[in-house]
Amino acid sequence: MISRRALLAASAGLGLARARAQPLDASLGADAQSAGLLFGASIGREAFDDPAYGDLYRREAAVVTTDVALKFDWLRPSPERFEFGPADAIFEFARAARKKVRGHTLIWNDNAPAWLKALSLREIERTFDAHIERVVERYAGRVHSWDVVNEPFWPMDGKPGGWRDGPWFAAMGPAYVERAFRRVAAIDPAAKLTLNEAQCDNDRDWGRQIRPLLAGLVDRLQQAGAPLQAVGLQSHLQPQWPADYAAFAAYAAGFGARGLEVYISEFDVNDQSFPDDVAVRDAAVAAVAGRFLREALAVPAVKMVVCWQLGDGYSWYRGIWRRAHPGAARNPRPLPFDDALREKPLRSALGQAFAMRRASFEKPGFALKNHAG
Ligand code: G3I
């Protein structure tokens, strides 16, 4: 167990206590930009229902990722209906506020509605092509990057090759991945086409299994000449499990060596193993993030950090936690802003990591680690 004193000392050592006391004078988006990075967060209707939350995105983010709005089950409640309203609202917000947009996600075997699963394999294949065409055509030219395929691997499903099971995989096998990339590229050639994957940041058996599977898929796609420009490593950090962030950075650099960009695409920190005390917990979250970001941002191929929402109150962990612990006083605090949208030590840790990366550009003899070398 980490002591309260050790955690607070660690956060003070990072300069977090001092930074917390000071008013904000720059945005994370601007800080990141000066370090050659895009910073942003996933976004949903919460940012429109809560104007202060929308303002936080306007101030801090340079890029927004559609959280649930473009997921198949949200977009396609029935075979004929496309509910484009929520995604359209995000694109309009981004246009007005001059933010880039990441489209998440076109193809994922996990979020299939019952009507899709009930189709024949041939119909699923036709739906796959038609879905990509309809969605990509609507937003083409306005998307920084598409998560073309999300989380292709889930060895726990028991499929040969560790593939995640679901309708697309059932209908086409592993070939669905390359097919998706080629179809998106044909419609929206300006967007950076991204393969997005979970778990690669931990050394639990999940991370250890998925890392080589993802690297192998990237190699095969490149050998086939598929239009792939980036790999998204979600980085929902799970400090309750073992992790080696230097090894993670070397893994990310391997994609750079293959000519790809790398996005830290869904960043947050699971705080379940940290003490109840909020100050201690927030310091522990910031310390983990600092260790991770110091390694990851030293990799030149890493070009983006996207948090999965900005404020704790809107984290995906909240729903899971409340269902598991009804009535609990404690709530997950995985993000850089608290429930009242006040900045937390995690925000300072992000700012410091961006500053360190910028310094590595500016100071001679302090070059970015070239793991790819
Ligand atoms: O909005 C409804 C609400 O009306 C209802 O009362 C409640 C009952 O459970 O559900 C609410 O919807 C939930 C929704 O999140 C709210 O945004 C869904 O149940 C819940 O399944 C959904 O979870 C989303 C999850 O993906 C599954 O699609 C999370 O918001 C979303 O942040 C999460 O994002 C994923 C990435 O796409 C891929 N990587 C992992 C990441 C985190 O799980």
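Reading the values: rules and limits
- The written sequence of each chain sets the order in which its residues are numbered from 1.
- Local features in this predicted model are restricted to residues whose pLDDT is 70 or higher, and side-chain atom pairs enter the listing and the counts only when it is 80 or higher, whereas totals over whole chains, interfaces and linings include all residues.
- Excluding hydrogens and water, the side-chain values take into account all heavy atoms of the structure.
- A helix here means a DSSP run of H or I that spans at least four residues, while a strand means a run of E at least two residues long, and both kinds are numbered starting from the N terminus.
- Both definitions apply: the radius of gyration is a C-alpha atom measure, and the globule rule equals 2.2 Å times residues to the power 0.38.
- Accessible area is worked out with a 1.4 Å probe on protein chains only. A residue is then buried under 20% of its type maximum, exposed over 50%, and partly exposed in between.
- Here, residues are in contact when the closest pair of their heavy atoms is within 4.5 Å.
- Per-residue and other accessible areas were derived by the Shrake-Rupley procedure at a 1.4 Å probe size, with only the shown protein chains allowed to occlude residues.
- Any two of the Phe, Tyr and Trp rings considered here, Trp counted by its six-membered ring, make a pair once their centres fall within 6.5 Å; the pair's planes then place it as stacked at under 30 degrees, edge-to-face at over 60, or tilted in between.
- We call a charge positioned over a ring when the NZ of a Lys or the CZ of an Arg lies within 6 Å of the ring centre and within 35 degrees of the ring normal.
- Only protein atoms enter the 1 Å grid, on which a cavity is a set of points fitting a 1.4 Å probe that cannot get out and a pocket is an open set with protein on both sides within 12 Å along at least 5 of 7 lines, lining residues being those with an atom within 4 Å of a point.
- Grid points are joined across faces, edges and corners, and a volume is the space filled by probe spheres set on the points.
- Charged residues are taken to be Asp, Glu, Lys and Arg, nonpolar residues to be Ala, Val, Leu, Ile, Met, Phe, Trp, Tyr, Cys and Pro, and polar residues to be all remaining types, Gly included.
- Only strands that DSSP links by at least two bridges are regarded as paired with each other.
- Each residue carries a pLDDT value, the predictor's own confidence for that position, ranging from 0 to 100.
- What a helix should span is 1.5 Å times the count of its residues minus one.
- Whenever a nitrogen or oxygen atom comes within 3.5 Å of another N or O atom, the pair is scored as a polar contact, on the condition that within protein one atom can donate a hydrogen and the other can accept it, and that pairs from neighbouring residues in sequence are kept only if both atoms are in side chains.
- Think of it this way: one heavy atom of a residue within 4 Å of a molecule or strand is enough to make that residue near it.
- By definition, a salt bridge exists where a carboxyl oxygen of Asp or Glu is found within 4 Å of a side-chain nitrogen of Lys or Arg.

**What about the overall build of the protein chain?**
Helix and strand counts for the protein chain stand at 16 helices and 9 strands. Computed over its C-alpha atoms, the radius of gyration of the protein chain comes to 20 Å, within 12% of the 21 Å expected for a compact globule of 373 residues. For the protein chain, the spread of C-alpha atoms along the three principal axes comes to 60 × 50 × 40 Å. Per-residue burial over the protein chain gives 55% buried out of 373 residues. Partitioning the intrachain contacts of the protein chain with sequence separation of at least 6 by distance along the chain shows that 77% fall at a separation of at least 24. Of the roughly 15,300 Å² that the protein chain leaves accessible, carbon and sulfur atoms contribute 52%.

**Side note on the packing of aromatic side chains**
Scanning the model with the defined rule gives 20 aromatic pairs in all. For the ring pair Phe82 and Phe84, a centre distance of 5.4 Å and an interplane angle of 15° mean the geometry is stacked. What makes Phe82 buried here is its relative accessible area of 18%. On the basis of relative accessible area, Phe84 is assigned to the buried category, the value being 6%. Between the aromatic rings of Phe153 and Trp163, the centroid separation amounts to 4.6 Å while the plane-to-plane angle is 40°, which identifies the pairing as tilted. Remark: Trp163 occurs in the loop between strand 4 (145-150) and helix 10 (167-172) and Phe153 occurs in the loop between strand 4 and helix 10; sequence separation between them is 10 residues. Trp163 matches Phe153 in its accessibility class, with the two residues each being buried. Aromatic ring contacts, followed pair by pair, group Phe72, Trp115, Phe128 and Trp168 into a single cluster. Between the NZ or CZ atom of Arg138 and the centre of the ring of Phe84, over which it lies, the distance is 4.1 Å. Across the ring face of Trp206, the terminal group of Arg204 is positioned such that the distance to the ring centre comes to 4.1 Å.

**Describing the layout of surface pockets**
Of the volumes computed, that of the largest pocket is approximately 930 Å³. Every residue lining the largest pocket is counted, 46 residues in all, and those nearest its centre are Asp67, Val68, Lys71, Trp308 and Trp316. Listed by contribution, the elements that provide at least two residues to the lining of the largest pocket are helix 4 (46-49), helix 7 (85-97) and helix 15 (316-324). Considering each element in turn, the lining of the largest pocket owes the most residues, 5 residues, to helix 15. The residue inventory of the lining of the largest pocket, partitioned by class, reads 17 nonpolar, 16 polar and 13 charged.

**Considering the pairing of strand 3 (residues 100-107)**
With respect to burial, strand 3 is a largely interior element, 7 of its 8 residues being buried. As paired strands, strand 2 (residues 63-66) and strand 3 are joined by 3 bridges and run parallel to one another. Opposite Val64, over in strand 3, you have Val101 as the bridge partner. In terms of strand pairing, strand 3 meets strand 4 through 4 bridges, oriented parallel. Note on strand 4: the bridge partner recorded for Ile107 is Val149.

**Description of the confidence of the model for the protein chain**
In the predicted model, the protein chain carries a mean pLDDT of 92, and the fraction of residues at 70 or more is 90%. Confidence drops under a pLDDT of 50 for residues 1-24, and excluding neighbours within four residues, the segment shows 31 contacts in the predicted structure.

**Some thoughts on helix 14 (residues 278-296)**
For helix 14, with 19 residues, the first-to-last C-alpha span of 27 Å sits near the 27 Å given by 1.5 Å per residue. Looking at where helix 14 begins, the residue whose side-chain oxygen comes 3.0 Å from the main-chain nitrogen of Ala279 is Asp277.

**Examining the site of the ligand**
Lining the immediate surroundings of the ligand are 14 residues, of which Lys71, His104, Glu151, Glu266 and Trp308 lie closest. Within the side chain of Asp67, an N or O atom sits 3.0 Å from an oxygen atom of the ligand. Note that an oxygen atom of the ligand is positioned 3.5 Å from one of the side-chain N or O atoms of Arg323.

**What about the environment of Gly162?**
Following the sequence through the fold, Gly162 ends up in the loop between strand 4 and helix 10. You can call Gly162 buried: its relative accessible area is 8%. Apart from residues lying up to four places away in sequence, Gly162 is in contact with Phe153, Trp154, Pro155 and Leu213.

**Comments concerning the environment of Phe39**
Assignment of secondary structure puts Phe39 in strand 1 (residues 38-43). The exposure class of Phe39 is buried, given its relative accessible area of 0%. Considering only alpha carbons, one finds Phe39 and Glu60, 21 residues apart in sequence, at a separation of 8.0 Å. Discounting chain neighbours no more than four positions away, the residues touching Phe39 are Leu28, Gly29, Ala32, Glu60, Ala61, Ala62, Val63, Val305, Cys307, Leu310, Leu350 and Phe354.

**Description of the pattern of salt bridges**
Overall, the coordinates contain 27 salt bridges when judged by the stated rule. Between Asp219 and Arg258 there is a salt bridge, and its shortest N-O distance comes to 2.7 Å. Here Arg258 lies in the loop between helix 13 (245-257) and strand 8 (261-269) and Asp219 lies in helix 12 (residues 205-223), a separation of 39 residues in the sequence. The class of Arg258 is partly exposed, set by a relative accessible area of 27%. Among the charged side chains, a network of salt bridges with common partners joins Arg122, Glu125, Asp129, Arg179 and Arg183.

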